[in-house]
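So you can see what is in the structure, the chains are spelled out below.
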Amino acid sequence: DKGVHKHFMAKEIHEQPTVMSYALSQYTAADRAAVALPGIAVDFTGFDRVVMVACGTAHLACHVAKYWFEQLARIPVEIEVASEFRYREPPVAPRTLAIFVSQSGETADTLAALRYMRGRAAAIAAVVNVLESSIARESDLVFPIHAGVEVGVASTKAFTCQLTVLAALAILAARQNGRIDAAREAELVSALESVPAAMAQVLAHEEVYGPLCWELSKASDVLFLGRGAMYPLALEGALKLKEISYIHAEGYASGELKHGPIALIDETVPVIVLAPSDALFDKTVSNMQEVMARGGRILLVTDQAGLSRASEGLWQSLRLPPVDPFVAPILYAVPAQLLAYHTAVTKGTDVDQPRNLAKSVTVE
Ligand code: F6R
């Protein structure tokens, strides 16, 4: 049932404040000052490295988590696309934790990668939405994301709930490795706690996306840029847009712009920059100036502080509530989804059932 919404995708985008709050409540202690796993024992001091394997949007959740685990817990993380990983048959170091992320828990390549790791990794963990799935059944540790049924083919609420669970695991790993104290842990948990309300604020101002996406719908190519943990969000923004609006879109690390993609820049290619005001913001501003100097049109997605530092010469902007940079990738998923959704609606494409795509890819 779509309720008041025109599409399941819209409904699922709007459910995110609620499902994220619930997912977080399942991974935090009653006083909300620390991470607490729901009856699952995991000791990250027993692992020297983490390998995360997934496909599509779930792979991009792993990509964000790599930044979190490496920065907070100082554990080396490799991220892998399941279809490459399984056929490459890589050597696996002992004391490796393998984490498989999958909404459906049935993606054929991810499942095959899991079976490859059986007997090679020290432990196999699954971050899944569907608990009765093959991937959940074949894992030693199962971390449910509690997103509820996701019907829209383009993944939305599963992505933000995957991020929520992976963020909680990264905080836990940081604590177990002695990298954060209780006060810092409370701060990180409170940053996560602040996201659902910030998402609700973004969703309350959804009317700004209509006119913006009418402009975007005329483009035949769109670039998304991001730095640090916002780089995977640039990839996710591009994936969502191409999936449901059929507009060609690419995501790049902002710093890679001058190594090739800048050749594409002219006034016909909108460049969407996902950049909360964080430690890397000024670097991104100089990348934006390079785009503008070549006649490129920039849509900057940032917060008030970001806009006050870099509003000059922008084509368009979206202002988001300020959040701790740690959780920005979760919040910035929402405008990325809304940009794709409203562009697709403007173009009249089949948002919930995009051509050639299936919700669960059970054949390779
Ligand atoms: C993109 C999308 C797909 C899935 C991918 C993995 O919007 O939905 O890229 O993320 O097919 O599916 P799961 O998570 O079920 O393994």
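Residues numbered from 1 in each chain as written. Predicted model: local features only at pLDDT ≥ 70, side-chain atom pairs only at ≥ 80, totals over all residues. Heavy atoms only, no water.

- Looking up the protein chain in an unreviewed UniProt entry gives the name Glutamine--fructose-6-phosphate aminotransferase [isomerizing], with the organism given as Halovulum marinum.
- Taken directly from UniProt, the Subunit (unreviewed entry) text for the protein chain runs: "Homodimer." (UniProt positions renumbered as here; feature names shortened; annotations may be inferred.)

### Quick notes on the overall build of the protein chain
- Along the protein chain, the regular secondary structure elements total 14 helices and 10 strands.
- Taken against the 2.2 N^0.38 rule, which gives 21 Å for 364 residues, the C-alpha radius of gyration of the protein chain at 20 Å falls within 12% of a compact globule.
- In terms of overall dimensions, the protein chain has C-alpha extents of about 55 × 45 × 45 Å along its principal axes.
- Buried positions account for 56% of the 364 residues belonging to the protein chain. (Helix = DSSP H or I, 4+ residues; strand = E, 2+ residues; numbered from the N terminus. Rg over C-alpha atoms; globule rule 2.2 N^0.38 Å. Buried < 20%, exposed > 50% of the residue type's maximum accessible area, 1.4 Å probe, protein only.)

### What about the site of the ligand?
- Residues in close proximity to the ligand total 13 residues, the closest being Ser102, Gln103, Ser104, Thr107 and Glu243.
- Contacts to the ligand include Thr107, whose side-chain N or O atom sits 2.5 Å from an oxygen atom.
- Between the ligand and Lys240 there is a distance of 3.0 Å, counted from an oxygen atom to a side-chain nitrogen or oxygen.
- Relative to its unbound accessible area of 410 Å², the ligand is 90% covered by the protein chains.
- Taken together, the elements giving at least two residues each to the shell around the ligand come down to α3 (56-73) and α11 (230-245).
- No other element matches the 3 residues that α3 contributes to the shell around the ligand.
- When its residues are assigned to classes, the shell around the ligand shows 4 nonpolar, 7 polar and 2 charged. (Near = heavy atom within 4 Å. Polar contact = N/O pair within 3.5 Å; in protein donor to acceptor, adjacent residues only side chain to side chain. Areas by Shrake-Rupley, 256 points an atom, 1.4 Å probe, with all protein chains shown as cover. Nonpolar A, V, L, I, M, F, W, Y, C, P; charged D, E, K, R; others polar.)

### Structural notes on the packing of helix α7 (residues 157-176) against helix α14 (residues 328-347)
- The N-to-C vectors of α7 and α14 enclose an angle of 175°; their axes lie 10 Å apart at closest approach. Relative to α14, the element α7 lies roughly antiparallel. Contacts from Phe159, Thr160, Leu163 and Thr164 in α7 reach Pro329, Ile330, Ala333 and Gln337 in α14. (Axes fitted to C-alpha atoms, helices over the stretch in contact; angles between N-to-C directions. Parallel < 35°, antiparallel > 145°, perpendicular 65-115°, else oblique. Contact = heavy atoms within 4.5 Å.)

### Description of the pairing of strand β7 (residues 248-253)
- Note that strand β6 (residues 221-226) and β7 share 6 bridges and pair parallel. By the bridge assignment, Asp221 is partnered in β7 with His248.
- Taken together, β6, α11 and β7 form a β-α-β motif whose crossover is right-handed. (Pairing = 2+ DSSP bridges. Right-handed = clockwise from strand over helix to strand, strands pointing away.)

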